[in-house]
Amino acid sequence: MVITIASGKGGTGKTTVGVNMAVSLDKAVRFLDCDVEEPNAHLFLKAVINEQTVVDTFVPEVDFTKCTYCGKCGEICQFNAIAVLKDYVLTFPELCHSCRGCLQVCPEKAVQESSRELGIIEQGRAGHVEFIHGRLRIGEAMSPPLIRAVKERIDKGQINIIDAPPGTSCPVIAALKGADFALLVTEPTPFGLNDLILAVEAVRALKMPLGVVLNRAGNGDSGVQSYLARENIPLLLEIPMDRKIAEAYSRGQMIVDVMPEWKEKFRGLYQKIEGIVNRQGDT
Amino acid sequence: MKELTVISGKGGTGKTSLVAAFAGLAENKVMVDGDVDAADLHLILKPEIKTHQEFKGGRKAVINPVLCTACGQCIELCQFKAISRDYVIDEFSCEGCGVCVHFCPVEAIEFPENICGEWFVSETRFGPFVHAKLGIAEENSGKLITMIRRQAEKLAEERNLGLILIDGPPGIGCPVIAATTGASAVLVVTEPTVSGVHDLERVGDLVRHFKIPAMVCINKFDINLDVADRIEKYCVQEGFELVGKIPYDPIFTEAMIAEKTIIEYSPNGLSEMVRGMWGRIINRMKTI
Ligand code: SF4
Ligand code: SF4
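Cut-off values and rules
Residues numbered from 1 in each chain as written. Chains lettered and ligands numbered in written order. Predicted model: local features only at pLDDT ≥ 70, side-chain atom pairs only at ≥ 80, totals over all residues. Heavy atoms only, no water. Contact = heavy atoms within 4.5 Å. Buried area = accessible area lost by both parts, 1.4 Å probe. Salt bridge = Lys/Arg side-chain N within 4 Å of Asp/Glu carboxyl O. Polar contact = N/O pair within 3.5 Å; in protein donor to acceptor, adjacent residues only side chain to side chain. Helix = DSSP H or I, 4+ residues; strand = E, 2+ residues; numbered from the N terminus. Nonpolar A, V, L, I, M, F, W, Y, C, P; charged D, E, K, R; others polar. pLDDT = per-residue confidence, 0-100. Pairing = 2+ DSSP bridges. Axes fitted to C-alpha atoms, helices over the stretch in contact; angles between N-to-C directions. Buried < 20%, exposed > 50% of the residue type's maximum accessible area, 1.4 Å probe, protein only. Right-handed = clockwise from strand over helix to strand, strands pointing away. Near = heavy atom within 4 Å.

Caption draft 1: Molecular detail of the interface of chain A and chain B. Each partner contributes to the interface: chain A provides 58 residues, whereas chain B provides 62 residues. Carbon and sulfur atoms supply 58% of the area that chain A and chain B bury against each other, a total of about 5100 Å² over both sides. Contact with chain B buries surface across chain A, with Glu38(A), Ile138(A) and Phe191(A) losing the most and accounting together for 15% of the total. For the pair chain A and chain B, the number of links is 2 salt bridges. Among the ionic pairs, Glu95(B) bridges to Arg148(A), the shortest N-O distance being 3.3 Å. At the junction of chain A and chain B, the tally comes to 17 residue pairs in polar contact (both at pLDDT 80 or more). When residues of the side of chain A that touches chain B are traced back to their parent elements, those giving at least two are helix 2 (41-45), helix 4 (101-105), strand 7 (129-136), helix 6 (170-176), helix 7 (190-205) and helix 9 (243-250) of chain A. With 8 residues, helix 7 of chain A is the largest single contributor of residues to the side of chain A that touches chain B. Its residues assigned to classes, the side of chain A that touches chain B comprises 23 nonpolar, 20 polar and 15 charged.

In structure tokens form, the structure reads like this:
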């Protein structure tokens, strides 16, 4: 089972829902924090990291003893990452998407394999939760390849909870792809609704079942509820606006740390998801 | 012309509510919603759209099944695993590198331009506003942000406006880099939470990396005074000017629900603080 938690926008409590659900389950769980720009789940799970891996990606390097300045590499590159001058070839590694087109196309085999660092992946443990996250290198613009590298560590035999980055563009799609279920977290405000609608559109484009957790319930209006009813989207859990929860969060504590009775609710949340995914599988 | 980008490490820190308030306080400016991925500022600014244009960014490959001989070249060459065994390209995986297009021996792959969003120039009760909507699941948010920033600069020049106020995207990746590089300064809105500090430090590394002067505002500072203190110390240590500390107040949410800026919704109390902060920001911007 692979559940990706997304939210259209950050700050809605996506990580809160993910970590609380992970620790509440009594089965083997993997938590994969794919919010590689700002990974935060480790602050709550307090995982002990025991493995670090640097993730690199291909970038071209030109061997000038072979290059004839024919220009073919610059022509194929769609990202302006390689430019051929009269007697020099410029490369811009930060723009490179690692498609290897320049490498394939060069008739002189002058383009060679080099690499740039995308970031690191750290893996560790917090109780029964196997924890994995990626951290994007500062100044690195492209997060999807690092997200894909984190997702290579999904273990299909277990429950995998993926914390997605905010937004609805390529990084979120990278985190959502291949999941069995998309869990969207929102707030009962006009901003929350606006962002939720975008997230729902993204999930629907990828054709996977989805459900919603309403966070900070009671602290806004009823726009989100009417939208969910209209769109036939299940509201799976409501977490009330509670200063106790906000303060616990500020200290890096989880809801179940200060209110252990919530374990039951997060387990219930998982069971509902499992129910929906299984029904989906039947049809 | 000065450009201020408001960023936040993570969403939900109240950044957009503050930008909306600044929009009501600043004079002679163009506003930009740089969070093209999940734009919210329009909910408060209620723009009247004047012009509307498509945004084309990159291309996407499409296999023509009539011409395809199923030779397997493209599957082998695609680094993004975007081509299925039955030779259909998954548009969500295709990065538009064109390698398959180039190497297809029978030229069965087309490479049309991809319309990945739209952008608008609008009028609002606070002045001109440039904003955009990225298509669902589209990439190129960085390019779109860069584009609307250029439009805002053009507009500012035409109308002789001295300030561009940008509501920035979250994170530290491509969209944030696009929204902040070349800006005169950034204002980082943060919260006194363990993850807020963590995000602030990552953003701090980013602005240092790109050498952009940074100011910091702690929103909801009274949720955790210890952490708020840590943030203050961090700011001193990094040379980031702390321009404001705003207490937690549900009035921000109320104003948002009323689709008003906090200054319009409740001109006293909290609004005074926001005004004071804006004054400090403007003073600092003058020195940059
Ligand atoms: S394709 Fe090869 S030979 Fe031609 S300019 Fe590029 S590196 Fe040089
Ligand atoms: S690998 Fe692809 S994106 Fe990178 S420089 Fe070569 S052609 Fe351009």
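Caption draft 2: Region of interest: the confidence of the model for chain B. Averaged over every residue, the pLDDT of chain B is 91; the share at 70 or more is 99%. The complex prediction reports pTM at 0.83, with the ipTM value standing at 0.85.

Caption draft 3: Representation of the sheet that holds strand 11 (residues 235-240) of chain A within the structure. Residue and element names in this part refer to chain A. Strand order across the open sheet formed by 9 strands is 3-6-7-2-8-1-9-10-11, with mixed pairing between neighbours. A strand with exactly one partner marks an edge of an open sheet, and here the two such strands are strand 3 (48-62) and strand 11. Taking each pair of neighbouring strands and ignoring which way they run, the sheet shows an average axis angle of 20 degrees. Alignment of strand 1 (residues 2-6) against strand 8 (residues 159-163), held across 4 bridges, turns out to be parallel. Counted as the bridge partner of valine 2 is asparagine 160 from strand 8. Against the sheet, helix 1 (residues 14-24) makes contact with strand 1, strand 2 (29-33), strand 7, strand 8, strand 9 (181-186), strand 10 (210-217) and strand 11, and its axis sits at roughly 150 degrees relative to strand 1, the strand it touches most.

Caption draft 4: Quick look at the pairing of strand 9 of chain A. Residue and element names in this part refer to chain A. Most of strand 9 sits inside the fold, with 6 of its 6 residues counted as buried. Burial along strand 9 is two-sided: the face carrying Phe181, Leu183 and Val185 and the face carrying Ala182, Leu184 and Thr186 are both buried. Relative to strand 10, strand 9 is paired through 5 bridges, and the arrangement is parallel. Looking across to strand 10, one finds that alanine 182 is bridged to leucine 210. The β-α-β motif built from strand 9, the intervening helix 7 and the parallel element strand 10 has right-handed crossover chirality.

Caption draft 5: A look at the site of ligand 1. Neighbouring ligand 1 are 14 residues; Cys67(A), Cys70(A), Gly71(A), Cys73(A) and Cys106(A) lie closest to it. Its residues assigned to classes, the shell around ligand 1 comprises 10 nonpolar, 2 polar and 2 charged.

Caption draft 6: Geometry of the sheet that holds strand 7 (residues 127-134) of chain B. Residues and elements named next belong to chain B. What the 9 strands build is an open sheet, ordered 3-6-7-2-8-1-9-10-11; its pairing is mixed. Here the strands that pair on one side only, and so sit at the sheet edges, are strand 3 (48-59) and strand 11 (241-246). Taken over all neighbouring pairs, the strand axes of this sheet differ in orientation by 20 degrees on average, direction set aside. The sheet contact formed by strand 9 (residues 185-190) and strand 10 (residues 214-219) spans 5 bridges and is parallel. Bridging across to strand 10, threonine 190 finds its partner in isoleucine 218. Its contacts with the sheet place helix 5 (residues 141-159) against strand 1 (2-7), strand 2 (29-33), strand 3, strand 6 (113-124), strand 7 and strand 8 (163-167), and it is angled at close to 165 degrees to strand 7. Packing of helix 7 (residues 194-209) onto the sheet brings it into contact with strand 1, strand 9 and strand 10, and relative to strand 9 it is tilted by some 170 degrees.

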